[in-house]
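Descriptive analysis of the structure
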Amino acid sequence: MADYIKKAVTENPKSISICFFTEQYIVIEMGKKIKKSVSNTFGKMVTLLFANVALMNGYDWDAFINYYLQKIHPDVLPNMETDPEAGMYVAFYSYSTENEEKANKLIDIIIELMENESALLEKIKTDAKLIKWNQDLK
């Protein structure tokens, strides 16, 4: 499994958590490319001046992943909750065999998005205005 994503099963309460670490190098670099493709001029300037800033934080990944799942993989969403933070996107399910299958599929989806840069960027360019990004919620 990629080092930017981990699955954890906890005992009390029995649950499955998928942790997508948005401060890993590959995720930061992808976040910069995403923000460059959807940002206004000010956002592009921030990217140029602060090259090491992860502009796609956990909240923005939450917005994109939830949008993407609703559109492409709605079967993963039932019983899924999320708890994004600045440096991480977390999805979790109560434990069941069915939910573990959904969690494993979610991992595969996130890895596929990260490993297929051109498809991810094309999807975001196409649908960027339909996604409720973190900065849109302020």
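Let me sum up the structure you'll find in this document. (Residues numbered from 1 in each chain as written. Predicted model: local features only at pLDDT ≥ 70, side-chain atom pairs only at ≥ 80, totals over all residues. Heavy atoms only, no water.)

This part is about the pattern of salt bridges. According to the stated counting rule, one finds 8 salt bridges in the structure shown. Ionic pairing is found between glutamate 11 and lysine 14, a salt bridge with its closest N-O pair at 3.6 Å. For lysine 14, a relative accessible area of 37% gives the class partly exposed. For aspartate 75, the salt bridge goes to lysine 105, with nearest N and O atoms at 2.6 Å. You can see aspartate 75 sitting in the loop between helix H3 (58–72) and strand E3 (81–82) and its partner lysine 105 sitting in helix H4 (residues 97–115), a full 30 residues away along the chain. Looking at aspartate 75, the relative accessible area reads 42%, which means it is partly exposed. (Salt bridge = Lys/Arg side-chain N within 4 Å of Asp/Glu carboxyl O. Buried < 20%, exposed > 50% of the residue type's maximum accessible area, 1.4 Å probe, protein only. Helix = DSSP H or I, 4+ residues; strand = E, 2+ residues; numbered from the N terminus.)

One pass over the structure, following the stated rule, counts 4 aromatic pairs. Seen in terms of ring centroids, tryptophan 61 and phenylalanine 64 are 6.4 Å apart; in terms of plane orientation they differ by 75 degrees. Their pairing is edge-to-face. Within this pair, tryptophan 61 and its partner phenylalanine 64 are both found in helix H3, separated by 3 residues, close to a single helical turn. Each residue in the set Tyr4, Phe20, Trp61, Phe64 and Tyr68 is aromatic and connected to the rest through ring pairs, giving one cluster. Stacked on the ring of tyrosine 95, the Lys or Arg lysine 14 has its end atom at 4.8 Å from the ring centre. (Phe/Tyr/Trp six-rings, centres within 6.5 Å; stacked < 30°, edge-to-face > 60°. Lys NZ or Arg CZ within 6 Å of the ring centre and 35° of its normal.)

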